[in-house]
Every structure is written in C-alpha cells, then in structure tokens.
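Coordinates in review
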Amino acid sequence: MSDVQYAEPDNLAGVFDALERYGEEARLLAGGTGLVNLMKQRLVQPGALIGLRRIEALRGVSRQDGALRLGAMATHREVETSEVVRAAAPLLAETYRQVATVRIRNVATVGGGLAHADPSQDPPVALVVLRARVVLTSKDGTREIPIEEFFTDYYETAIAPDEVLTQVLVPPQPAQAGAVYLKFLPRTADDYATVAVAALVELAADGETCRDARIALGAVGSTVLQATAAAAALRGQRPTPEALREAAEQVRALVDPVDDYRGSAAYKRDMAVVFTRRALEQALARARDGAR
Amino acid sequence: MKYAITLHVNGQLYTLEVEPTRLLVDILRYDLGLTGTKEACSVGVCGACTVLVDGQMVSSCLMPGVAAAGSSITTVEGLAGREELLPVQQAFVDYGGFQCGICTPGQVIAAKALLDENPHPTAEEIKEWMMGNLCRCTGYYKILESVQRAAEGGQA
C-alpha cells in the first residue's frame, strides 16, 4: 500500500479536479470503515485517496422542502440520534441504530455506506421502503435517482467515475403508516443480517383497509430487493393475519440467498418469509397505534 | 508519498510525516510509542484499538492517520493523572473488570466515552454500548459491573 497519493479538498470542485487528475486509480475516502477493510484485504488498491472530511456541503442532516436531507458525510450515529430524523422518518433512525456498533457508527457515513453497496447492509433496506433518492453530482451537473436503481449489483452502484454521491433525500413517513426494520441475527448482535426486512403499512382513512404497503429485503440477493408482488397483494385489502401470511409467502420466489456461515440458502429463504410476515404484522400494529 | 500531519495526543502536539495509508493504530503504537492501544482483529469488530478522536470513540485500526489530522486523540495512556487512576479505571481494578488485559485499554476507553455522554446509563444501555468491545476471558459480567460502579460513583 505504498506510493498512494492523498488529496483533501475543501470543496466539491476540488474533488472533481482530483477525480480527473487521478482517474480510475482514485477512491473517495469518507469514514473509511468500508474502504480501509477492502484495502487491507487487497480487494481494492487505490493509487490515490481523496478525503472528503473537509467538505462542508456534504455534512449534516436537515429538512429541505419537506424531505429529509442526509448529507453524504453525515455519520450513521448522527442519523440514529437526530431529532429531525426521528420526527420525519423514525424507521430510518431505528435502522441506522442497528448497524454494527457505536464505535463504527461514529465514523461510518451515509454516503460511504451506500457507495460500498454490500447487499447485507441495513440502511438500504429502509431507504428503499421510504422511497429515498440518491443525489449524484459531477462537474457537469446533478442527477437524482431512486435508491433501488442506485444499487446495480453486488458491491456495484450507478455512480459514474466522475460523480460524487452528495446527499440522500428521504420523503417523510406517511402519517397513517407504521414501519419497522427487522434484522435477523442468530450469531452476534453486531453482525451483518442473516435476513433483513423493512416493511411499511399505510392504512386508509377507514382505518381498516391497507392503502399502501412497501416491503424490501436485504442479505438475500446481490442487491437490496423490493418485494413488489407481496406489497401489491395487500394494497386495497383488509390486512387480516391470513392476508399478511399470504403476502409474505410471495417473497419465497423473489429472494436468491447464498449458502454461507450465516445460514444455508434454504434456511434464509424460509426466514425471509417468516421475517416478512413478522415485519408486516409489526408495521400494521404500529399503524393502528399511530406509533409510525 | 508522505504527508505532514499534526495530532494532539493526550494533550501533547505531534508533527509527523506519514503515508496516506498509515493507520492511526500504527502511528500511535510504532511512531509515538504509545503501546497501550492494542490491535487484535484489525477489522473494526473487536474494540481493542478503541481510542477517542475529538471525544468520540473510534476503531484506530480503520482510520488512516491523515483522516485524523488536526484532531485531539485520547488513548488509555492519557486517562490517568500522575498519581491517580480515573474512577472508571479504578472501578475496573476494584471489580475485576479484566483478566489477561489485552482488551482492557479499549474497554476502559469505551466506558469513558459512554460515561462522558451518558453519566447514568442503565444496565441495558451499558450492554448496548459495550457490545463492540470483545473480551475472551472474563465473560463480561465483571466488565459490566465495573462500568456500573463507576457510573454510580458519578464520575467517569
């Protein structure tokens, strides 16, 4: 790992210049908890690191035109503890809190985590359910893409070589909805999920009919997966225990887990169904309580 | 290529020239001789290398020194005064919060960070916070008790 160049610009223009200068050799350094581990394993051997910590525009968490704005350099811990996040999207605070340990959450950033694109991560699952949008900026301008289009494959994203992930925009949770993130952890509390599910259930004004349902799963495919068929099965229906069970059953055909030390593919497939049902039950209970 | 950085470690200012990939744990241990901070898992899981950077606990095995440049760092060497241990250190001694000692610097730094942020944590809060510091000897109960007693003393 010798002869690596380092740049630490204090604005985005400086980052774009550095990206141009170092080309494909460059990697952006946010918190480093993902990148440094990849470098230790020699899976990534950058010729240059571009530190983002001095760029004010990438920091902080705020409300902006109704949406939550998560700066790319906001830490997991900031999102977890932010009153603004808890008020607008409690699901997000709850999910970020389940990432690794406090020590890692103090350093790991929102943008760095998403760019890392490990399909076992927690935040993408909640962000898909919340219909978040990722903002990518280059010298030539800015584009916004839905989070589910951001992840293209195992550790692969839609970020172009000249782009920087600058922020994530999250619409607030609907008032009549309950949402939950369930992370199945049969080994240790700080592990990656064996199966992860986020569900949101929104009730219609009658308080009885399911107006909207959204479900996403992590750790059971090469990217976070949206369970559109399961969600569609609930829309406009009465969410009876039987209806939830049938909807959850739909994810069996969707998931594509691998055998590893967190469980066999067959076991994970079974658990995806179980945890989807539980997530739907808990999201519905929260919607009924008005607990969100 | 080496880059000049300054670090304030335990109240002392250091100016160093480091490669961008030189990790904070190695700077502390090998460049500054502060071997109280230990390295065990090297992937941010075990907590042995925990130090405070601007008051926040971090894994020094995952932080390039250049990313800590200009920061104030506290290692286990920086906790005690000349004569007296901090209450949280004394509690680890009094209540047997360690055995072989390898994880202890990280445990103590993590406990200090907790009590600085939350001086009266519940048992659950202590467990959740200390979850990231692994010990392969004591079985954790003595560690939890040490942190709890330190908190009851009212000072970190």
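See the structure printed just above.
In this text the structure is predicted, and so the values were computed from the model without any measurement.

**Things to note about the sheet that holds strand E11 (residues 177-184) of chain A**
Residues and elements named next belong to chain A. The 4 strands are arranged E11-E12-E13-E14 in an open sheet whose pairing can be described as antiparallel. Each edge of the open sheet carries a strand with a single partner, namely E11 and strand E14 (225-226). In the sheet, strand E12 (residues 195-203) pairs with strand E13 (residues 210-218) via 8 bridges, with the strands oriented antiparallel. Bridged to Glu202 within E13 is Asp212. Sheet strands touched by helix H13 (residues 265-289): E11, E12 and E13. Its angle to E12, the strand with the most contacts, is close to 30 degrees.

**Remarks on the packing of helix H2 (residues 87-94) of chain B against helix H5 (residues 141-152) of chain B**
Residues and elements named next belong to chain B. As a packed pair, H2 and H5 sit with axes 8 Å apart at the nearest point and diverge in direction by 135 degrees. Accordingly, the angle class assigned to the pair H2 and H5 is oblique. With respect to the hand of their crossing, H2 and H5 are arranged in right-handed fashion. Contact residues: H2 offers Pro87, Val88, Ala91 and Phe92, while H5 offers Ile143, Ser146, Val147 and Ala150. Split into classes, the residues belonging to the contact of H2 with H5 amount to 7 nonpolar, 1 polar and no charged.

**Some remarks on the interface of chain A and chain B**
Taken together, the contacts link 27 residues of chain A with 33 residues of chain B. Here chain A and chain B share an interface that buries about 2400 Å² over both sides, 54% of which is from carbon and sulfur atoms. Counting the surface chain A buries against chain B, the share from its top three residues, Tyr6(A), Arg53(A) and Arg103(A), is 28%. Connecting chain A to chain B are 3 salt bridges. Between Arg77(A) and Glu117(B) there is a salt bridge whose closest N-O contact spans 2.9 Å. Inspection of the region where chain A meets chain B yields 14 residue pairs in polar contact (both at pLDDT 80 or more). If you list the elements that add at least two residues to the side of chain A that touches chain B, you get strand E1 (5-7), helix H2 (35-40) and helix H6 (102-105) of chain A. Residue composition of the side of chain A that touches chain B, by class: 12 nonpolar, 6 polar and 9 charged.

About the cut-offs
- Residues numbered from 1 in each chain as written.
- Chains lettered and ligands numbered in written order.
- Predicted model: local features only at pLDDT ≥ 70, side-chain atom pairs only at ≥ 80, totals over all residues.
- Heavy atoms only, no water.
- Pairing = 2+ DSSP bridges.
- Helix = DSSP H or I, 4+ residues; strand = E, 2+ residues; numbered from the N terminus.
- Contact = heavy atoms within 4.5 Å.
- Axes fitted to C-alpha atoms, helices over the stretch in contact; angles between N-to-C directions.
- Parallel < 35°, antiparallel > 145°, perpendicular 65-115°, else oblique.
- Left-handed = near helix turned anticlockwise from the far one by under 90°.
- Nonpolar A, V, L, I, M, F, W, Y, C, P; charged D, E, K, R; others polar.
- Buried area = accessible area lost by both parts, 1.4 Å probe.
- Salt bridge = Lys/Arg side-chain N within 4 Å of Asp/Glu carboxyl O.
- Polar contact = N/O pair within 3.5 Å; in protein donor to acceptor, adjacent residues only side chain to side chain.

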